Amino acid sequence: MRVRIDPERCQGHGRCYDLAPELFGDDDEGYGQVLGDGAVPPALAGKARLAASNCPERAIDLPGDG
Amino acid sequence: MPGDERFARDLRGERDERPLGTRSEIVTGPVSDWATDFSHLEPEWATGFYSILAGLRERCPIARTERFGGGWLPTRYEDVAAIAYDTERFSSRSIIMSNFRPPRQIAPAGGSPPISSDPPFHHDARRLLLPAFTKTAASRQEPATRALCHSLIDAFGDRGVVDAASEYAQHIPMRVIARMLGFPPGDGPRFRQFVEATLEGINLPPEERIERMTALFDYLLAQVRDHLDRPRDDLTSYLISAELHGRKLAPEHVTGTMALLLIAGIDTTWSAIGASLWHLARTPSDLERLLADPGLLPTAVEELLRAYAPVTMARLVKEDMHWRGVDMRADDWILLSFPSANRDPSVFDRADEVVIDRQVNRHVAFGLGIHRCLGSHLARMELRVALEVWLERIGSFTLADPSAVTWSAGQIRGPRALPLRIG
Ligand code: HEM
Ligand code: SF4
């Protein structure tokens, strides 16, 4: 599984970096950033789904997640 | 930068020279039918809030009123989201639904950038402020916020009943934003009057509203001049020296944004803290769970924000159009109900219940799209710290007198009197 943020949709609500700081961070203006290459280790799959399902803008998608 | 010419003159004169807006007839009195005659300023709006919205969502999802010169109230998540995203057809030129429509010429900046701004101006005006309102910037206010919460509780002494709205919740956002703007901490009571001037008193005669707004801008100008004499590391000095497109900000941009930052965070956060304490006071099972497991608090805070979202915004329709089954006219108001969207059962399971460990929660208490609340990271910090300190210090508490609790009408909903028994 991978995580991806659509920068056109992200408005910097920060739910992703609150809920899954292992996978997301913020930039100087508070927009969400995927950390590293976006690959999600199996142990963090639940957190990736939690972040995606709490983003008000539906800006996070999880390619490769059934 | 003494002698900054932008602030040498009295801005009041300049405001008088601006083109006039349009005023509509002030209509007050009981609402006859929520689907055709709604008003957010009548007391029944405050007392029947969620049942009014739920009723409309089922029978007439986009309600109408002829008051305020005409307006619409969409109640479904889908419609609220579509309008928040559609800045082409819905303008933020005024975000307070009243009997006054500012002139079209003030778009796209509007009177208090960026909340009153439309694209393309909005983007850069907002961008100036974003770095000061990130999660990291908000966390720098946390120690002072925590100390303030403790001092407010210390001041309760050994009384068994306190008003959590006026003695606790209200002071927290006021003091935090005063610090950030670099205003005297003791000016809190004046801020309260400014908030009343802008967000309440909407159906007062125009002269009275203008007088109150003038007092606000006179105050802000005095703060600007004080910062010109003694520049400091705060938001006021930052705005005075900030540049947009290679030029210093227009003086009314500086004071308009200062007004916004001062007003936007006070009643909103006050309401969120108050509503959360109200819920816990009357729901012992949730209170006990949080006392036993403080780690659940961040999740609970999001659910309390969903269920008791305090902020409703407004928009103005740009051109006549047929929109999702209704005929909208140019300059009709839209009352943009984030609280109603948050309780739409087609988006949220058990929408009318507070589920403090809700896992999937795409609530829109802080709005959607380009105007996402600039202060959301700050507000979340204040709300979490206010509840953490309260739970740690007070432990169990209950409503002292449920009938004495009062809720505000208007666009910011929260408890304004909240007597709690604290031991
Ligand atoms: C729980 C507390 C709060 C809630 C529920 C809340 C809610 C909102 C909402 C719904 C909007 C969207 C406006 C729109 O779509 O027209 C907004 C915008 C805004 N809020 Fe907040 N707010 C809160 C606290 C704060 C605080 C503490 C500040 C700090 C100064 C603040 C500053 C702003 C600003 C500047 C905007 C305009 C952003 C823009 O237009 O780009 N808010 N807020
Ligand atoms: S939760 Fe969504 S909108 Fe918020 S920062 Fe993350 S991706 Fe962006």
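Residues numbered from 1 in each chain as written. Chains lettered and ligands numbered in written order. Predicted model: local features only at pLDDT ≥ 70, side-chain atom pairs only at ≥ 80, totals over all residues. Heavy atoms only, no water.

### Topic: the overall build of chain A
In step 1: For chain A, the count of helices and strands is two helices and four strands.
In step 2: Taken from the N to the C terminus, the helices and strands of chain A come in the order β-α-β-β-α-β.
In step 3: A globule of 66 residues ought to have a C-alpha radius of gyration of about 11 Å, and chain A, at 10 Å, matches this closely.
In step 4: Considering only C-alpha atoms, chain A reaches an extent of 30 × 20 × 20 Å along its principal axes.
In step 5: Burial status across chain A gives 50% buried among its 66 residues.
In step 6: Counting only contacts in chain A whose residues sit at least 6 apart along the sequence, the fraction spanning at least 24 positions is 58%. (Helix = DSSP H or I, 4+ residues; strand = E, 2+ residues; numbered from the N terminus. Rg over C-alpha atoms; globule rule 2.2 N^0.38 Å. Buried < 20%, exposed > 50% of the residue type's maximum accessible area, 1.4 Å probe, protein only. Contact = heavy atoms within 4.5 Å.)

### So, the nonpolar core
In step 1: With 155 residues, the main nonpolar core has Phe24 of chain A together with Tyr168, Leu262, Leu277, Trp390, Phe397 and Leu420 of chain B as its most contacted residues.
In step 2: Counting residues per element, this core draws most heavily on helix α18 (residues 376-394) of chain B, at eleven residues.
In step 3: With residues up to four places along the chain from it excluded, the contact list for Tyr168 of chain B reads Cys149, Leu152, Ile153, Phe156, Asp163, Leu277, Ala386, Val389 and Trp390 of chain B. (Core = buried A, V, L, I, M, F, W, Y, C linked by side-chain atoms within 4.5 Å.)

### Notes on the coordination of the iron atom of ligand 1
In step 1: Protein coordination of the iron atom of ligand 1 is limited to a single donor, Cys373 of chain B (SG), positioned at 2.3 Å.
In step 2: Note on placement: Cys373 of chain B falls in the loop between α17 (338-341) and α18. (Donors = N, O, S within 2.8 Å, 3.2 Å for Na, K, Ca; no water.)

### Observations regarding the sheet that holds strand β2 (residues 62-65) of chain B
Residues and elements named next belong to chain B.
In step 1: On the basis of which strands lie adjacent, the open sheet formed by five strands has the order β2-β3-β12-β9-β4 and mixed pairing. Here the strands that pair on one side only, and so sit at the sheet edges, are β2 and β4 (90-91).
In step 2: Pairing between strand β9 (residues 313-317) and strand β12 (residues 333-336): four bridges, direction antiparallel. What sits directly across from Leu316, in β12, is Trp333.
In step 3: Across the sheet, helix α4 (residues 77-85) touches β2, β3 (71-74), β4, β9 and β12, and the angle it forms with β12 is around 120°. (Pairing = 2+ DSSP bridges. Axes fitted to C-alpha atoms, helices over the stretch in contact; angles between N-to-C directions.)

### Here's the deal with helix α5 (residues 121-129) of chain B
In step 1: Of all the positions in α5 of chain B, only His122, Ala125, Arg126, Leu128 and Leu129 of chain B are classed as buried. The arc that holds every buried residue of α5 of chain B, seen down its axis, measures 150°, which confines them to one face. (Arc of directions from axis to C-beta.)

### Examining the packing of helix α7 (residues 142-154) of chain B against α18 of chain B
All names here are of chain B.
In step 1: Remark: α7 packs on α18, axes separated minimally by 9 Å, with the N-to-C direction vectors making an angle of 40°. As summarised for this structure, α7 and α18 are arranged oblique, according to the angle between their axes. Remark: the crossing between α7 and α18 carries right-handed chirality. Of the residues in α18, those touching α7 at Glu142, Thr145, Arg146, Cys149, His150, Ile153 and Asp154 are Met381, Glu382, Arg384, Val385, Ala386, Glu388, Val389, Trp390, Glu392, Arg393 and Ile394.
In step 2: Across the contact of α7 with α18, the residue classes tally to eight nonpolar, two polar and eight charged. (Parallel < 35°, antiparallel > 145°, perpendicular 65-115°, else oblique. Left-handed = near helix turned anticlockwise from the far one by under 90°. Nonpolar A, V, L, I, M, F, W, Y, C, P; charged D, E, K, R; others polar.)

### Comments concerning the environment of Glu5 of chain B
In step 1: When you line up the elements, Glu5 of chain B lands in the segment before α1 (11-17).
In step 2: Separated by 246 residues in the primary sequence, Glu5 of chain B and Pro251 of chain B have C-alpha atoms spaced 9.4 Å apart.

### Some remarks on the packing of α7 of chain B against helix α9 (residues 171-181) of chain B
Angle between the axes and distance between the axes are the two parameters that describe a pair of packed helices.
Residues and elements named next belong to chain B.
In step 1: It is the contact of α7 with α9, at a shortest axis distance of 10 Å, that shows an interaxial angle of 140°. Compared by their axis directions, α7 and α9 come out oblique. Here α7 runs over α9; the crossing is right-handed. Of α9, the residues touching α7 (which contributes Ala144, Thr145, Leu148, Cys149 and Leu152) are His171, Ile172, Arg175, Val176 and Arg179.
In step 2: Each residue belonging to the contact of α7 with α9 can be placed in one class, and the counts come to six nonpolar, two polar and two charged.

### A closer look at the pairing of β3 of chain B
Residue and element names in this part refer to chain B.
In step 1: The two faces of β3 match: Gly71 and Leu73 on one face and Trp72 and Pro74 on the other face are all buried.
In step 2: In this structure, β2 lies alongside β3, joined through four bridges in antiparallel fashion. Residue pairing across strands places Ile62 opposite Pro74, the latter belonging to β3.

### Overview of the site of ligand 2
In step 1: In the region of ligand 2, 13 residues are neighbours, and Cys10, His13, Gly14, Cys16 and Cys55 of chain A sit closest.
In step 2: A class-by-class count of the residues in the shell around ligand 2 yields six nonpolar, five polar and two charged. (Near = heavy atom within 4 Å.)

### Observations regarding the confidence of the model for chain B
In step 1: With 97% of its residues at a pLDDT of 70 or more, chain B shows a mean pLDDT of 94.
In step 2: Under the prediction, the complex receives an ipTM of 0.96, its pTM being 0.96. (pLDDT = per-residue confidence, 0-100.)

### Section: unusual backbone geometry
Residue and element names in this part refer to chain B.
In step 1: A cis amide bond links Pro113 to the next residue, Pro114, at an omega of 5°.
In step 2: Looking at the secondary structure, you find Pro114 in the loop between β5 (100-101) and α5.
In step 3: Look at the link from Pro119 to Pro120: it is a cis peptide, with omega at 0°.
In step 4: Inspection of the secondary structure assignment puts Pro120 in the loop between β5 and α5.
In step 5: One non-glycine residue, His245, adopts positive backbone phi at about 55°.

### Concerning the interface of chain A and chain B
In step 1: Contacts between the two partners involve 21 residues from chain A and, on the opposite side, 22 residues from chain B.
In step 2: The contact between chain A and chain B buries some 1,900 Å² in all, and 40% of this surface belongs to carbon and sulfur atoms.
In step 3: Between chain A and chain B we count three salt bridges in total.
In step 4: Here Glu29 of chain A ties to Arg127 of chain B by a salt bridge, and the two come within 2.7 Å at their closest N and O atoms.
In step 5: The interface formed by chain A and chain B includes 13 residue pairs in polar contact (both at pLDDT 80 or more).
In step 6: With three residues, the top contributor of residues to the side of chain A that touches chain B is helix α1 (residues 15-19) of chain A.
In step 7: In terms of residue class, the side of chain A that touches chain B is built from six nonpolar, seven polar and eight charged. (Buried area = accessible area lost by both parts, 1.4 Å probe. Salt bridge = Lys/Arg side-chain N within 4 Å of Asp/Glu carboxyl O. Polar contact = N/O pair within 3.5 Å; in protein donor to acceptor, adjacent residues only side chain to side chain.)

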